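# An overview of the molecular structure
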Amino acid sequence: MEKNILSEMIVNAYTELKNARTEFFETGEEAIAIREQYDAKRASLIASGKIDGKNSEAREAQLEVLLATETKNLLDAKAKERQAHYLFDIAQISVDSARALLRLEELLQGNKE
C-alpha cells in the first residue's frame, strides 16, 4: 500500500474517532441534563399535590400522563446516545484496522530489506 494513502487513512481514522468521541460525550451530557429535568418535574409534581391517586399504581399512571413529553425527550436522548456510542465503536474499529494495516506494511517492508 502506498505510504501517502496509508498515512491519510490513519489521519482520517483518528479524526473520525475524535469526532465520534466528542459526539458521544455531548449526547451523554444531553441525556444527563434531560434526565435531571425529568426527575425535577416528577419531584415537583409529587410535591405540588397534583398526584393524588389512591394507590401507587394510580399515582404512577398520573405521573406517566403528566410526564409524557419529558419521557419522550428522555427516550429520544437515550436513543441518540446509543447511536453515538455505536458510531464511536465503528470509528474505533477503523482506527484499529488502520493500525493493523500500518503494522502489516512495516512487516512487509522489513521482509524486503
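In what follows, the accompanying structure is described. Note that this is a predicted model, so its numbers are computed, not measured.

### Considering the overall build of the protein
From N to C terminus, the protein includes 3 helices and 0 strands. Going from the N terminus to the C terminus, the protein shows its helices and strands as α-α-α. For the protein, whose C-alpha radius of gyration is 24 Å, the value lies well above the compact-globule estimate of 13 Å for 113 residues. Judged by the C-alpha coordinates and their principal axes, the protein covers about 85 × 20 × 15 Å. In the protein, which comprises 113 residues, the share counted as buried stands at 21%. For the protein, contacts bridging at least 24 residues in sequence account for 77% of all contacts bridging at least 6. Positive and negative side-chain charges of the protein, numbering 16 and 21 respectively, have mean locations separated by a distance of 5 Å.

### A few points about helix α1 (residues 3–48)
Spacing of three or four residues puts side chains on the same side of an α-helix, whose turn is 3.6 residues. Between its first and last C-alpha, α1 extends 67 Å over 46 residues, near the 68 Å set by a 1.5 Å rise per residue. Within α1 the residues assigned to the buried category are L6, I10, A13, L17, A20, T27, G28, A31, I34, Y38 and L45. Each element contacted by the buried residues of α1 is listed here: α2 (56–66) and α3 (68–112).

### Things to note about the pattern of salt bridges
A side chain with one charge can pair with a side chain of the opposite charge if their charged atoms come near. By the definition in use, this model includes 6 salt bridges. With a shortest N-O distance of 3.0 Å, E70 and K41 are connected by a salt bridge. Pair noted here: E70 is in helix α3 and K41 is in helix α1, with a separation of 29 residues, a long-range link. In this structure K41 comes out as partly exposed when scored by relative accessible area, which is 33%. As a salt-bridge pair, R103 and E106 come within 3.5 Å of each other at their nearest N and O atoms. One end of the pair is R103 and the other is E106, both in helix α3 and 3 residues apart, which spans about a single turn. For R103, a relative accessible area of 46% gives the class partly exposed.

### Quick look at the packing of α1 against α3
The angle between the axes and the distance between the axes are what describe a pair of packed helices. Interaxial distance between α1 and α3 falls to 8 Å at its minimum, and their mutual angle equals 160 degrees. In this view, α1 runs roughly antiparallel relative to α3, as classed from their interaxial angle. Seen from above, α1 lies across α3 with left-handed handedness. Partitioned by chemical class, the residues of the contact of α1 with α3 number 21 nonpolar, 7 polar and 12 charged.

So, how was this worked out
Each chain carries its own residue numbering, running from 1 in the direction its sequence is written. With the structure being a predicted model, the display of local features is reserved for residues of pLDDT at least 70 and the display and counting of side-chain atom pairs for 80 or more, all residues being used for whole-chain, interface and lining totals. Computation of side-chain values covers all heavy atoms of the structure but excludes hydrogens and water. Working definition: helices are DSSP H or I runs of at least four residues, strands are E runs of at least two. Numbering for both runs from the N terminus. Just to be clear, the radius of gyration here is over C-alpha atoms, and the globule rule we use is 2.2 Å times residues to the power 0.38. When accessible area is computed with a 1.4 Å probe and restricted to protein chains, residues below 20% of their type maximum are described as buried, those above 50% as exposed, and intermediate ones as partly exposed. Only heavy atoms enter the contact rule, under which two residues are in contact if any of them lie within 4.5 Å. Positive residues here are Lys and Arg, negative ones are Asp and Glu, while His and the chain termini are left out of the count. Charge coordinates come from a single atom per side chain, which is NZ of Lys, CZ of Arg, CG of Asp or CD of Glu. Multiplying one less than the number of residues by 1.5 Å gives the expected span of a helix. What makes a salt bridge here is a side-chain nitrogen of Lys or Arg within 4 Å of a carboxyl oxygen of Asp or Glu, nothing more. Axis definition: a line fitted to C-alpha atoms, limited for helices to the stretch in contact. Angles are taken between N-to-C directions and run from 0 to 180 degrees. Should an angle fall under 35 degrees it is taken as roughly parallel, and over 145 as roughly antiparallel, whereas 65 to 115 is taken as roughly perpendicular and any remaining angle as oblique. Handedness of a helix crossing follows the sense of rotation of the near helix relative to the far helix, less than a right angle counterclockwise being left-handed and clockwise being right-handed. Only Asp, Glu, Lys and Arg are considered charged, only Ala, Val, Leu, Ile, Met, Phe, Trp, Tyr, Cys and Pro nonpolar, and every remaining residue, Gly among them, polar.

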